[in-house]
Amino acid sequence: RMTGHASLLLNERLTAELLVERQSGDLRVTDEFGQRALGLTDLRLALNVQDGVWRLAQGIAGKELGSFGGALALRPAQLWPDASTPLEGVLQANVADLGTWGSWVPAGWRLGGRANATLLFAGRLGAPDLTGRAEGENLALRHLLYGVDVTEGRFTLDLKGQRAELSRLEARGGDGWLRASGSAELGAQPSARIRVTADKLRVL
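This report concerns the structure included in the present document. Quantities reported herein were computed from a predicted structural model and do not represent experimental measurements.

Describing the packing of aromatic side chains
This model, assessed by the stated rule, comprises 3 aromatic pairs. Ring centres of Trp109 and Tyr146 lie 5.9 Å apart, and the angle between their planes is 70 degrees; this geometry places the pair in the edge-to-face category. Of this pair, Trp109 sits in the loop between strand 8 (87–95) and strand 9 (110–124) while Tyr146 sits in the loop between strand 10 (127–143) and strand 11 (148–161), placing them 37 residues apart in sequence. Taking the relative accessible area as the measure of exposure, Trp109 reaches 22% and is therefore partly exposed. For Tyr146, a relative accessible area of 52% gives the class exposed.

What to know about the sheet that holds strand 7 (residues 66–74)
Here 12 strands make up an open sheet; going across it, the order is 1-2-5-6-7-8-9-10-11-12-13-14 and the pairing antiparallel. Only two strands of the sheet have a single neighbouring strand rather than two, namely strand 1 (2–10) and strand 14 (191–199). Between one strand axis and the next, the sheet turns by 5 degrees as a mean value, whatever way the strands run. Sheet topology note: the strand 6 (residues 53–62)/strand 7 ladder contains 9 bridges and is antiparallel. Among the inter-strand pairings, Arg55 is bridged to a residue of strand 7, identified as Ala73.

Things to note about the nonpolar core
The tendency in soluble globular proteins is for nonpolar side chains to be buried as a group. In this structure, Leu14, Ala16, Val49, Trp54, Leu74 and Leu87 together form the largest nonpolar core, which totals 6 residues. Setting aside chain neighbours within four positions, we find Ala16 in contact with Ser7, Leu8, Leu47, Asn48 and Val49.

Side note on unusual backbone geometry
Positive phi values are uncommon outside glycine, yet Asn138 reaches one of about 55 degrees. You can see Asn138 is positioned in strand 10. You can call Asn138 exposed: its relative accessible area is 56%. Backbone geometry places Lys200, a non-glycine residue, at a positive phi of 55 degrees. With respect to the helices, strands and loops of the structure, Lys200 is situated in the segment after strand 14.

Rules of the game
- Per-chain numbering applies: the sequence of each chain, read as written, is numbered from 1 onward.
- Only residues with pLDDT of at least 70 get local features here, since the model is predicted, and only at 80 or more are side-chain atom pairs given and counted; chain-wide, interface and lining totals rely on the full set of residues.
- Remark: hydrogens and water are excluded; side-chain values derive from all non-hydrogen atoms of the structure.
- In this scheme Phe, Tyr and Trp rings, the latter by its six-membered ring, pair at centre separations within 6.5 Å, and the angle between planes marks the pair as stacked below 30 degrees, edge-to-face above 60, and tilted otherwise.
- The numbering of helices and of strands both runs from the N terminus, where a helix is a DSSP run of H or I of at least 4 residues and a strand a run of E of at least 2.
- Between buried and exposed lies partly exposed: a residue is buried under 20% and exposed over 50% of the maximum accessible area for its type, with that area taken using a 1.4 Å probe on protein chains only.
- At least two DSSP bridges between two strands are required for those strands to pair.
- Axis lines are fitted through C-alpha atoms, for helices just across the contact stretch, and the angle between N-to-C directions can take any value from 0 to 180 degrees.
- Only buried Ala, Val, Leu, Ile, Met, Phe, Trp, Tyr and Cys residues count toward a nonpolar core, and they belong to the same one when joined by side-chain atoms within 4.5 Å.
- Contact between two residues is taken to exist if any of their heavy atoms lie within 4.5 Å; hydrogens are not considered.

The structure is reproduced here in structure tokens:
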């Protein structure tokens, strides 16, 4: 069950307000394996346009999803935003237990661990600059029939404007390890340089 309201006024400038949010209830996804509930506790989308500034906020949280939220502000020179519109904002995501996503992956696969990310947006809508960090700890991927058993996974990814740095990625497979690090340029001509080392890594 959703609730919300909307208003719109257009003269020399645009003034608008839109809010849609969960009031009660849940969502269920149906596929060939049956139905599963998302366990929603929060779901909302809000847009406010006033004095030439566009503000967008969104959030979703659930027992099967974790929590995701963000806010974005646009300041277009004209009536509507375009690629040159300055922007600023933040996005946060947190999944305390990836095991709860097990019903979303193919049959037989099991996930584990936690992941979170905080990203800041700046620059222009057509070429945003991203800064922030994404991290994962105690990551695990298993499939008993295929013999896949990757554990103790962890990663740290830093975003610095038009550059991304993978300072740590490692995981245990059997008695061995996989480790990787590197960087990538995210500009008009993307490129990446990654160093990967496998030491007695058991893949299957």
